[in-house]
Every structure is written in C-alpha cells, then in structure tokens.
Amino acid sequence: MSTRLSRCLKAMQTVGFWRSTENGKTPSLELLHHGTVYANQLQHHWLSMRQLAVNFGHIEHTTEMIDQSRFSFTHSKQFREQFQQLRQLYPSRAKCPTVLKHQNSMPSNSKSNTIFQHQSNVTQLITDFFVEPHRGLEHFYNLQRESKIWWMRYSSNPSRYAIVPYDCHADLEYCQAIDIKAGFGEAGEVTVEQLSLVPLPAGNDFELPDARTTKMQLPMVIRSVIELEPATCDAQYLQPFYWTAATMAESRVHCY
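The rules we used
- Each chain has its residues counted from 1, following the order in which its sequence is written.
- For this predicted model, a pLDDT threshold of at least 70 governs which residues receive local features, and a threshold of 80 or more governs which side-chain atom pairs are given and counted, while totals over whole chains, interfaces and linings are taken from all residues.
- Side-chain metrics rest on all non-hydrogen atoms present in the structure, leaving aside hydrogens and water.
- Within 6.5 Å between ring centres, the rings of Phe, Tyr and Trp (the latter by its six-membered ring) count as paired, and their orientation is classed by plane angle as stacked under 30 degrees, edge-to-face over 60, tilted in between.
- Burial classification: accessible surface area is computed with a 1.4 Å probe over protein chains only, and a residue below 20% of its type maximum counts as buried, one above 50% as exposed, and the rest as partly exposed.
- Two thresholds decide whether a charge sits over a ring: the Lys NZ or Arg CZ must be within 6 Å of the ring centre and within 35 degrees of the ring normal.
- Residues grouped as a nonpolar core are buried Ala, Val, Leu, Ile, Met, Phe, Trp, Tyr and Cys residues, joined through side-chain atoms within 4.5 Å.
- The helix count covers DSSP runs of H or I at least four residues long, the strand count covers runs of E at least two residues long, and both are numbered beginning at the N terminus.
- Residue contacts follow a heavy-atom distance rule, with two residues in contact if any of their heavy atoms lie within 4.5 Å.
- By this rule the span expected of a helix is its residue count minus one, scaled by 1.5 Å.
- Each direction from the helix axis to a C-beta atom contributes to the arc, which is the arc of those directions.

(A) Seen up close, the packing of aromatic side chains. Going through the model one piece at a time under the given rule, you end up with 9 aromatic pairs. Between Phe73 and Phe79, the ring centres sit 5.5 Å apart and the planes meet at 75°, which makes this aromatic pair edge-to-face. Judged by relative accessible area, Phe79 falls into the buried class, the value being 3%. Feature note: the residues Phe73, Phe79, Phe83, Phe130 and Phe206 constitute an aromatic cluster, connected by ring pairs. The ring of Tyr166 carries the charged tip of Arg70 above its face, separated from the ring centre by 4.3 Å.

(B) Layout of the nonpolar core. The biggest cluster of nonpolar side chains holds 27 residues, and the ones touching the most others in it are Trp151 and Ile222. Among the elements of the structure, α2 (33–48), β5 (121–131), α5 (136–153), β7 (176–183), β8 (189–199), β11 (220–227) and α6 (228–238) are those that each provide at least two residues to this core. Beyond its immediate stretch of four places on either side in the chain, Ile222 contacts Thr127, Asp128, Phe129, Val131, Gly136, His139, Phe140, Leu143, Leu195, Ser196 and Leu197. Phe56, Phe71, Leu200 and Val221 belong to the second-largest nonpolar core, a separate cluster that totals 19 residues.

(C) Structural context of helix α4 (residues 77–89). The end-to-end C-alpha separation of α4 is 18 Å, in line with the 18 Å expected for 13 residues at 1.5 Å each. Residues of α4 that are buried: Gln78, Phe79, Gln82, Phe83 and Leu86. Down the axis of α4, the smallest arc covering the buried residues is 140°, so these residues share one side. Those residues of α4 that are exposed and aimed more than 90 degrees away from the buried face are Lys77 and Gln88.

(D) Here's a closer look at α5. A rise of 1.5 Å per residue sets the reference length of α5, with its 18 residues, at 26 Å; its end C-alpha atoms lie 26 Å apart and thus fit the reference within 8%. Inspection of α5 places Gly136, His139, Phe140, Leu143, Gln144, Ser147, Trp150 and Trp151 among the buried residues, and these make up the whole buried set. The buried residues of α5 all sit within an arc of 130° when viewed along its axis, so they share a single face.

Taken by themselves, the reported measurements are silent on function.
Dropping the structure here:
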C-alpha cells in the first residue's frame, strides 16, 4: 500500500471515521461513529433531492435480490411490484421518461467492493431511469460521462477515475454496462458506481406512455448503483476530513 494512503487510513481511524486493517495490499474498512454519521448525511441528501423521482424508500434484501445477476433485476418480483406501484400510486409520473429510486441493504460479502469485509451489510443507492427505447444508448452514454465528470470534479486526482466496460456476454443482447472505478495504485481499485442499460421484458406489463406523444411504448431502463459505504470513504480519501457531505450529495443528484 502506498505510504500516502496508509497515512490517510491511520489518520481517519484516529478521528473515529473508520477502522482499517490490511490484508496483503488490500485494506479492509469498517465505518466507525463519524463515518456512519457522514454516510447518513450523504444518504439523507440523496433521498431528499430529485423531487420529481418516485422514491420507494428502504428495501430489505431477499434471497432473490442476492442471487440475481446484474441484468436480471428486470425479471424480479421486487422490480415488477415497484412498477405496478408507480402506475397505481403515482399515475401522473407513470410516463416515459421517469425516475424511480430505492435503497437496498445487502450482505457485504455478496458484492464486489470487498474493501468492507468487516461490515455485515452494504447500503446500495439505486436509481432507475426509464427512457425512450430509441434513445436508450444516447441516455446511457450521457449518464456515464456525467457520472465520471462528477466523481472527477471532487477529486484531488481526477486521473484516478476510469470508465471500465463490463462484460455483458454475447447472449445478453442489447445490454450495455460500465463500472466507474477509482484506482489507488498498489492498494487496488474500488468500484464507486455501476451503470447498466437493460431492455424490459416484452409485453404490456412495463409499457409507459410517451411524455410528449402519449403513445404507449416499452422503455429501456438505465440502473445506477452506488454503494454508500465505499462512496463515503472514497470521498474521504480525496477531500479534507471535514468536507461537507451535503455539497457532495447535492451536486451528484443534479447530474441526473
């Protein structure tokens, strides 16, 4: 691990932000009191912003959610129920394009960011963008560019961030996916955001009227997944220790 990063980890542990242990070259972190408070502030502002989005709140993980692949969420019971609730409870927002938000609490050992091996759960901040099918790729490219720019904007080392293509496999036609990763030299890298473009199952169950023409269509969905704890610590790697979480969260939401 680099000397600079090692000093940062020790300093943050001293002020009660996180506890750090090293396993070879990869640090393993656990949020302490101040780190948890910081994460809660970030989560609060993520939830309170984007007033036009439908927010379904916190959802406890299920076996189905843990077992599903990155692209299979559109076939899950939870996703279908949320779409039905959108139509029934928010009819004025049930049109294309539209945005849904929710949070998942997932076992940390089920996700890719193994930097949090000592925490039992990792909180996922999930945003689903339902967009016109003929503009799916356009929206996807715009979102990944805006997301990377946002992460770079608040970094003391913008070159730390990279858009890394995700292997969708040949049998997943029309799917696109990237990871936004922050690299820390010999200490490895952390995925700070996942973006996936996925077609919805054919049929009438997921059709929405076009916001301009009112014509019914089957949208595509772009899912953004930010794991709260790695995102919280990534910000602290790069910023002064007491940098305002509200500024970070508000700016991130405005990208959408």
